[in-house]
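Observations on the model geometry
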Amino acid sequence: MRTIVHLSDLHFGRLDPRVVPPIIAAIHELEPDLVAISGDFTQRARIRQFEEARRFLDALPRPHLVVPGNHDIPFYDIGRRFLTPLGRYRRFIDGDVEPVFEDGEMVVLGLNSARSLSFGRGRLSQAQVGRAVERLRGVPPNVTKIVVTHHPFDLPDHYAEEHLVGRAKMAMAQLAAVGADLFLAGHLHVSHIGRTAERYKIAGHSALVVQAGTISTRERGEPNSFNVLWVDWPRIAVMRRTWDRAREAYAASPVRTFRHGEQGWIEAS
């Protein structure tokens, strides 16, 4: 069994420093096999914000798998935005914007969906998806295949499809063909668990989509939170840890368990 801690949308520059020590302590207590962070380390891609994010990363248990978000591209510095959009991210966070983690029980791929021209929206290219497909092709079926992006492949109720990662249908069709099991994302600052079968309706494929909230002050109707996942083929369990202001701690939500079967990933009764 593998334990993954999944965070997103840290937004250093718009983060209450009081939440940082408790989240670091909570993650260490979980003793994760991997910490996955799905983008938006900073609010405005400024050096000081990246320095704060780097110190936060250094305080977390390793290994890490991280991808950039749209806020990690400079907004007001137009020259830097279009000439070296992820220069500071590469300098302070990770030089590889599409990292891979593999340990025999899971293969985790990071895909960069942040774009200079989109000003918030993200997308994936055919080349990116092609590389991911080739990486997952031939991975044994009992090894859990996980894809991490900033922009999501599924949405909570009442969100318009414009919030999906661009070219989602193209990407999902190809990733389904190589048996992708789990998609981790953020961007909306709202927690969500969905199944790809409900949106994409690809015969024989139903993956899980797990979206993390935010730990910043940019809350959108729910407190700060992060996810914990236990991956043990053919089972995935998901728990949300939510900030309790009164206790100044991250409280556990009920665990939801999913199993893989003939219909793909479905929630266990």
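The present account deals with the structure reproduced in this document. (Residues numbered from 1 in each chain as written. Predicted model: local features only at pLDDT ≥ 70, side-chain atom pairs only at ≥ 80, totals over all residues. Heavy atoms only, no water.)

1. Some words on the overall build of the chain
Of regular secondary structure, the chain possesses 7 helices and 14 strands. Here the C-alpha radius of gyration of the chain, 17 Å, is about what a compact globule of 269 residues would show, namely 18 Å. For the C-alpha atoms alone, the extent of the chain along its principal axes is close to 50 × 45 × 35 Å. A separation of at least 24 residues holds for 72% of the contacts in the chain among residues at least 6 apart in sequence. Entry remark: accessible area of the chain is about 11,500 Å², with carbon and sulfur atoms responsible for 50%. A gap of 6 Å separates the mean positions of the 35 positive and 31 negative side-chain charges of the chain. (Helix = DSSP H or I, 4+ residues; strand = E, 2+ residues; numbered from the N terminus. Rg over C-alpha atoms; globule rule 2.2 N^0.38 Å. Contact = heavy atoms within 4.5 Å. Areas by Shrake-Rupley, 256 points an atom, 1.4 Å probe, with all protein chains shown as cover. Lys, Arg positive; Asp, Glu negative; His and termini not counted. Charge placed at Lys NZ, Arg CZ, Asp CG, Glu CD.)

2. Here we look at the packing of aromatic side chains
Evaluation of the coordinates by the stated rule reveals 7 aromatic pairs. Aromatic side chains F153 and F183 sit 4.8 Å apart centroid to centroid with 50° between the ring planes, which places their arrangement in the tilted category. Residue F153 is found in the loop between β6 (144-148) and α6 (168-177), and its partner F183 is found in strand β7 (residues 182-185); the two are separated by 30 residues along the sequence. Per residue, the accessibility class of F153 equals that of F183, and both read buried. An aromatic cluster is built from F226, W243 and Y250, whose rings are joined through pairwise contacts. (Phe/Tyr/Trp six-rings, centres within 6.5 Å; stacked < 30°, edge-to-face > 60°. Buried < 20%, exposed > 50% of the residue type's maximum accessible area, 1.4 Å probe, protein only.)

3. Points about the sheet that holds strand β8 (residues 192-195)
Read across the open sheet, the 6 strands follow the order β4-β5-β6-β7-β9-β8; overall the sheet is mixed. A single partner strand is all that each edge strand has here, and the edge strands are β4 (100-102) and β8. This sheet shows a mean twist of 15° between the axes of neighbouring strands, independent of strand direction. Note: β8 against strand β9 (residues 208-211), 4 bridges, orientation antiparallel. Bridge pairing in β9 links I193 to V210. (Pairing = 2+ DSSP bridges. Axes fitted to C-alpha atoms, helices over the stretch in contact; angles between N-to-C directions.)

4. A short note on the nonpolar core
Formed by 37 residues in total, the largest nonpolar core has its most connected members in L7, I23, I37, F41, F56, I93 and F226. Put simply, the parts of the chain that give this core at least two residues each are β1 (2-7), α1 (20-30), β2 (34-38), α2 (47-59), α4 (87-92), β10 (225-232) and β11 (235-244). In terms of residue count, α1 provides more of this core than any other element does, 6 residues in total. If we ignore the near neighbours within four places in the chain, the residues touching L7 are I23, I27, V35, A36, I37, S38, F56, A212 and F226. Core analysis: the next-biggest nonpolar cluster, separate from the first, contains 26 residues, L111, V133, V178 and Y200 among them. (Core = buried A, V, L, I, M, F, W, Y, C linked by side-chain atoms within 4.5 Å.)

5. Some details on the pairing of strand β5 (residues 106-110)
Regular strands place their side chains on alternate faces of the sheet. With respect to burial, β5 is a largely interior element, 5 of its 5 residues being buried. In this antiparallel pair of consecutive strands, β4 and β5, the connection spans 3 residues, and G104 shows a positive phi of 100°. In terms of strand pairing, β5 meets β6 through 5 bridges, oriented parallel. Directly across from G110, in β6, lies its bridge partner V148.

6. As for the pattern of salt bridges
Evaluated as defined, the whole model comprises 17 salt bridges. E198 is paired through a salt bridge with R195; the nearest N and O atoms lie 3.4 Å apart. (Salt bridge = Lys/Arg side-chain N within 4 Å of Asp/Glu carboxyl O.)

7. Thoughts on the side chain of D9
Within the fold, D9 resides in the loop between β1 and α1. With no salt bridge to any partner, buried D9 finds its closest opposite charge in R218, at an N-O distance of 5.9 Å. Once residues lying within four places of it in the same chain are set aside, the contact partners of D9 are G39, D40, H150, G186, H187, H189, G213, T214, I215 and S216.

8. Overview of the pairing of strand β12 (residues 249-252)
Two strands pair when backbone bridges link them, and β11 and β12 are joined in this way by 4 bridges, in the antiparallel orientation. Looking at β12, one finds that W243 is bridged to Y250. In this structure, the hairpin formed by β11 and β12 is closed by a connection of 4 residues, where E248 is found at a positive phi of approximately 50°.

9. What to know about the environment of H6
Within the secondary structure, H6 is located in strand β1. Not counting residues within four places of it along the chain, the set of residues in contact with H6 comprises A36, S38, L184, A185, V210, Q211, A212, F226, N227 and L229. Looking at H6, its side chain comes within polar contact range of the main-chain oxygen of A185, at 3.4 Å. (Polar contact = N/O pair within 3.5 Å; in protein donor to acceptor, adjacent residues only side chain to side chain.)

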